[in-house]
Amino acid sequence: MLCHYSSHYFRGKIFDMLIQAGAAIPEEKWYTNLYTRGNTGCASMFIMLDEFRRTQSHRAGDTILCMVPESGRFNNVYMQLTVVEE
């Protein structure tokens, strides 16, 4: 789960909402670069995908769920990707 949240403030709120919805994903499966790159706005998912690809273990067939919660309009965007061989 690659998740861009604009501030640490929202992290716990996102986890709580997923738990309430019965859609919790274990914390050890989450990846974010907020603490190393900061809030990179609309480029966040592209930066995070590139960094994840270069630094995390993954193999063909793995599913990557990307989530961008947008706090200004209170909506969420999801993207599901499947890793393929290079």
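Preceding this section is the structure that the text describes.
Rules and cut-offs
Residues numbered from 1 in each chain as written. Predicted model: local features only at pLDDT ≥ 70, side-chain atom pairs only at ≥ 80, totals over all residues. Heavy atoms only, no water. Core = buried A, V, L, I, M, F, W, Y, C linked by side-chain atoms within 4.5 Å. Buried < 20%, exposed > 50% of the residue type's maximum accessible area, 1.4 Å probe, protein only. Helix = DSSP H or I, 4+ residues; strand = E, 2+ residues; numbered from the N terminus. Pairing = 2+ DSSP bridges. Salt bridge = Lys/Arg side-chain N within 4 Å of Asp/Glu carboxyl O.

J.: Help me out: how do you make sense of the nonpolar core in this one?
T.: If you look at soluble globular proteins, the nonpolar side chains tend to sit buried side by side. Counting residues in hydrophobic clusters, the biggest one holds nine residues: Met1, Cys3, Tyr5, Ile14, Phe15, Leu18, Trp30, Leu34 and Met67. Top contributing element to this core by residue count: helix H1 (residues 8-20), with three residues.

J.: Quick question: what am I supposed to make of the sheet that holds strand E1 (residues 2-3) here?
T.: The strands making up a sheet are joined through hydrogen bonds of the backbone, oriented either antiparallel or parallel. Strand order in the open sheet formed by three strands is E1-E2-E3, with mixed pairing between adjacent strands. Unpaired on one side and paired on the other, E1 and strand E3 (75-82) mark the two borders of the sheet. As paired strands, strand E2 (residues 63-70) and E3 are joined by eight bridges and run antiparallel to one another. The residue bridging threonine 63 from the neighbouring strand is threonine 82, located in E3.

J.: In this structure, what is going on with the pattern of salt bridges? I would like to understand it.
T.: Once their charged atoms are close, side chains differing in charge can pair, the charge on each being opposite to the other. In this structure the tally under the stated criterion is four salt bridges. One salt bridge in this structure joins glutamate 27 and arginine 11, with 2.5 Å as the shortest N-O distance. Within this pair, whereas glutamate 27 is found in the loop between H1 and helix H2 (34-37), its partner arginine 11 is found in helix H1, the two being separated by 16 residues in sequence. Given the relative accessible area of 45%, glutamate 27 is considered partly exposed. Linked through salt bridges whose partners overlap, the residues forming this network are Asp50, Arg53 and Arg54.

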